[in-house]
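Okay, here's what each chain looks like letter by letter:
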Amino acid sequence: MTDWCGGSWLWKSPAGKESWQWAEQEQSIQAEGVVYRIEKDTRTMIYLKKTILIRSGSSKKYPIRNIKCTGKKEALNSLREGMRVRLEGTLALPELPRNPGQFNRRVYESGKKIDFYLENPAIVWSKEGSSGSTGMLRAWREEIKKRCKRLYPDTEAGILEAMLFGEKSELTGEVKGFYQAAGISHVLAISGLHISLLALAAAGILRRLGLPMPVWVLLSVGVLCGYGILIGQPTTAVRALLMFCVLQGGRLLGRSYDLLSALAFAGILMLLDNPDLVADGGCKLSFCAVIGVGWYVSEKQKIFRGLGKKEKGKKKEKKSGVRAIPEHIRTGWYLWMFTLPVMLDTFYQVSVAGILWNLVVIPLLPIVIASGGMGVLLAGWNVLLGSVAGSPAYGLLKVYQWIGQISEKLPVGMWTPGQPPKIVIAVYYLVMIMVVLVEKQMIKSENRWKKGKICLALELCSMVLLLSMMAHPWQQREQITFLDVGQGDASLLQSGGQALLLDGGSTSQKKVGTYVILPYLKQQGISCLEAVVLTHTDQDHINGVMEVLEEGKKGWLTVKHLLYPCWMEETEQGRELQKLAKEAGASCQGIRAGDQLELGNAEAAVIYPGDEETVTEPNAGSLVLCWEWAGVRTLFTGDLPEEKERELLQKLPACEILQVGHHGSATSTCQEFLDRVQPSLAVISCALTNRYGHPAPDTVGRLEKNGCEIRYTMKGGAVTVRQRGKEIRVEEYVTGGQ
């Protein structure tokens, strides 16, 4: 937040703004610090704390918080946790998103106190640090991993490591997807729920040993602190640990415990330690859930009890057992409603099935943790005993996965309304507060029948209103977004509540569908694509589409049609795409010159190629599409070369917006083509650094000569063109330029 005031460097980096300038310029820098974490995948990631930066040729030291160093395995294999090292590499800042919905790595890393990255580091020197507690923790973690793998198959071992010790390196993307679809992904992280279960268990066992109250209170706090250090002190665990300390401190002092006061105390301490947590999605969701339980759910339960208080007496015993299930359902529903805006602001979609699945999963979680933990402990003595003790955990983890597999295929399992505006979130919570206050006044009424009817009506109306606010059905977007996919193309066209994806691929960005296109669809609240249209078969136009079609096999995203130039049907890439589309439930159709496509209030005309065209090279067969809405035309030409542009001159209409062909290549967008089309706005999609020299200076010169306003995805990130009445507005995501 104080980035905007220019002061965040005061806590982020005592080195001041100089270190940020070095990172922006990607200068070669030496970093010295203590290794506190090592992750190994295709590359090795070394995390350093107590870090100082040293410029080459200088002895001056610049202290920072933490730094993440990423390099080849063989270059960093000799390093171990606890060592003090000095590495030399290229200093860089964590990436900012370049498209709406894209993951904000800088915010995420700042929440972990990581200020910078050091790319491709080489070891200058290293020496063993004190091997006391650090060495013991490292040995414990490694031993726990070995025991988990001895007891369970790889999948279940990875899940249990995540649940018990926060180690997620062994979790597969498929498993994460199952748990997210079921709305139970919170059990894969060390959350306040895990800490609460451990706290209750530790305090209960120590108390039953007959120890004096001050002794078992202090010992239980010590056990939890040790566990927090073992798992690496994640934010949610620190919050729960601080609140537990307040609870136990109240016991020692003979004072009562207030949940919200303890939460405020934990929040203040955590923000003093790291103010960047104010923007961290996981931290916000954790605090929101506790507020929901401590205030909203509590008030709602009081209101329900107030409405039914005159029914107590002879039916008390009979209703107490029957009421348990509805009360649990109400608790789950109200907590879901209270956290809904924060979940959508962070993830853009939410599991509807999770409301019910959590009623099953959460009560079983103590059994999973107890059984898994006991199995791991006993496996150090006898594997057979460990297997017996851990078998309930194995069975329940299978049930969890089964729940996830079912949820992923449910057409209504995930709700994707998109990211709500901040003002809507504020109004949502204001409505919630007002409804609670009104209901509390209503239950004071003497007329029980009247207050019951009014409260029920108010409850139903408020729920419909709140859900409608999050769905924001009034927001019918009329826009085109040219996504920044690096060296490639991906455009999303929206009109009248419908959406169409035109191309989607990149040769410079890995998994562009997973990390750019799909997050944008979620952020926009798009769960149905009327069509995916391809211009030709080059990988920088289709590899992300393949990931979108794979996602279409899941319940949340529907792809209705896959459209492509008719010549693609018999190509290898065309057959592969058709197979994926049919598996996703989409129809496949080749389109040709003269075809018309309708989308909401807009329509698109296919100009090229026709049936008579013989295509020997994909670029020469690129689909030419003219999109028109409210009298504004946009022309897409794929990678069409200039020879074909000249052939089509008489068929091309004048247009206001042009997506420049072939990423601004010198072999496209010839002068005759520009004279014919006469665009006022040109958008070039390419990577900032690429081996093709895109965009070519000659092409840019021709566009400027014709009076075009030029926007580049490589400079401004995603470019969005909106129509407001007769006015066309152009926005760049990174620069915010209009």
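Bear in mind that the values here come from a model prediction, so they are computed numbers and not experimental data.

Conventions adopted
Residues numbered from 1 in each chain as written. Predicted model: local features only at pLDDT ≥ 70, side-chain atom pairs only at ≥ 80, totals over all residues. Heavy atoms only, no water. 1 Å grid on protein atoms, 1.4 Å probe; cavity = no way out; pocket = protein on both sides within 12 Å on 5 of 7 lines; lining within 4 Å. Points joined across faces, edges and corners; volume = space filled by probe spheres on them. Helix = DSSP H or I, 4+ residues; strand = E, 2+ residues; numbered from the N terminus. Nonpolar A, V, L, I, M, F, W, Y, C, P; charged D, E, K, R; others polar. Disulfide = S-S within 2.5 Å. Pairing = 2+ DSSP bridges. Axes fitted to C-alpha atoms, helices over the stretch in contact; angles between N-to-C directions. Contact = heavy atoms within 4.5 Å. Patch = residues over 30% accessible without salt bridge, like charges linked within 9 Å, V, L, I, M, F, W, Y side chains within 5 Å. Areas by Shrake-Rupley, 256 points an atom, 1.4 Å probe, with all protein chains shown as cover. Salt bridge = Lys/Arg side-chain N within 4 Å of Asp/Glu carboxyl O. Buried < 20%, exposed > 50% of the residue type's maximum accessible area, 1.4 Å probe, protein only. Parallel < 35°, antiparallel > 145°, perpendicular 65-115°, else oblique. Left-handed = near helix turned anticlockwise from the far one by under 90°.

Q: For empty space enclosed by the protein, give the residues involved together with the corresponding values.
A: Applying the stated criterion across every chain, the model contains two cavities of 30 Å³ or more. Surrounding the second largest cavity, Arg141, Ile144, Lys145, Glu161, Phe165 and Glu167 form its lining. Mapped by element, the contributors of at least two residues to the lining of the second largest cavity are helix 5 (133-151) and helix 6 (154-165). Examining the composition of the lining of the second largest cavity, we find that three residues originate from one element, helix 5, more than from any other. Considering only residue class, the lining of the second largest cavity consists of two nonpolar, no polar and four charged.

Q: Outline the state of the cysteines, listing residues and values.
A: Applying the stated criterion across every chain, the model contains zero disulfides. In this model Cys670 remains outside any disulfide bridge; the closest cysteine sulfur is found in Cys708, 13 Å from its own. Cys686 takes part in no disulfide bond, and the closest cysteine sulfur, belonging to Cys708, lies 16 Å away.

Q: Can you lay out unusual backbone geometry for me, pointing to particular residues and giving the numbers?
A: Cis geometry is adopted by the peptide bond preceding Pro609, which originates at Tyr608 and carries an omega value of 0°. Considering the arrangement of structural elements, one finds Pro609 in the loop between strand 18 (602-608) and strand 19 (624-629). Following His694, the chain continues into Pro695 via a peptide bond in cis, with omega recorded as -5°. Tracing the backbone through its elements, the reader meets Pro695 in the loop between strand 22 (681-684) and helix 23 (697-705). The phi dihedral of Lys50 falls on the positive side, at around 50°, and the residue is not glycine.

Q: Tell me about the layout of surface pockets, and name the residues and values.
A: The space that makes up the second largest pocket amounts to roughly 800 Å³. Around the second largest pocket, the lining is made up of 22 residues, and of these Leu198, Tyr227, Ile369, Gly373 and Leu377 lie nearest the centre. Elements that contribute at least two residues to the lining of the second largest pocket include exactly helix 5, helix 6, helix 8 (192-208), helix 9 (213-230) and helix 14 (354-379). When its residues are assigned to classes, the lining of the second largest pocket shows 19 nonpolar, three polar and no charged.

Q: Outline the sheet that holds strand 25 (residues 727-732), listing residues and values.
A: Across the sheet, which stays open at both edges, the eight strands sit in the order 16-15-13-11-10-9-24-25 with mixed pairing between neighbours. The open sheet has two edge strands, strand 16 (587-591) and strand 25, and neither has a second partner. The sheet shows a mean angle of 20° between the axes of neighbouring strands, taken without regard to direction. For strand 10 (residues 488-495) and strand 11 (residues 498-506), the ladder comprises seven bridges, and the chain directions are antiparallel. Bridged to Ser495 within strand 11 is Gln498. Sitting on the sheet, helix 19 (residues 539-551) is in contact with strand 10, strand 11 and strand 13 (531-533), with an inclination near 120° to strand 11.

Q: Account for a nonpolar patch on the surface, with residues named and values stated.
A: On the surface, Met136, Trp140, Met374 and Leu377 cluster together into a nonpolar patch covering about 450 Å² of accessible area. Residue assignment for the nonpolar patch shows that the elements contributing at least two residues are helix 5 and helix 14. Its location among the elements puts Met136 in helix 5. Overall, Met136 belongs to the exposed group, its relative accessible area being 54%.

Q: Summarise the packing of helix 10 (residues 235-253) against helix 11 (residues 259-273); cite the residues concerned and give the values.
A: Orientation of helix 10 relative to helix 11, taken along the N-to-C sense of each, is 125°, at an axis distance of 9 Å. Comparing the axis directions of helix 10 and helix 11 gives the class oblique. The chirality of how helix 10 crosses helix 11 is right-handed. Residues Thr235, Val238, Arg239, Leu242, Met243 and Val246 of helix 10 touch helix 11, and the partners they reach there are Leu259, Ala262, Leu263, Phe265, Ala266, Leu269 and Met270. Here the contact of helix 10 with helix 11 is composed, by residue class, of eleven nonpolar, one polar and one charged.

By themselves, these figures tell us nothing about what the structure is for.
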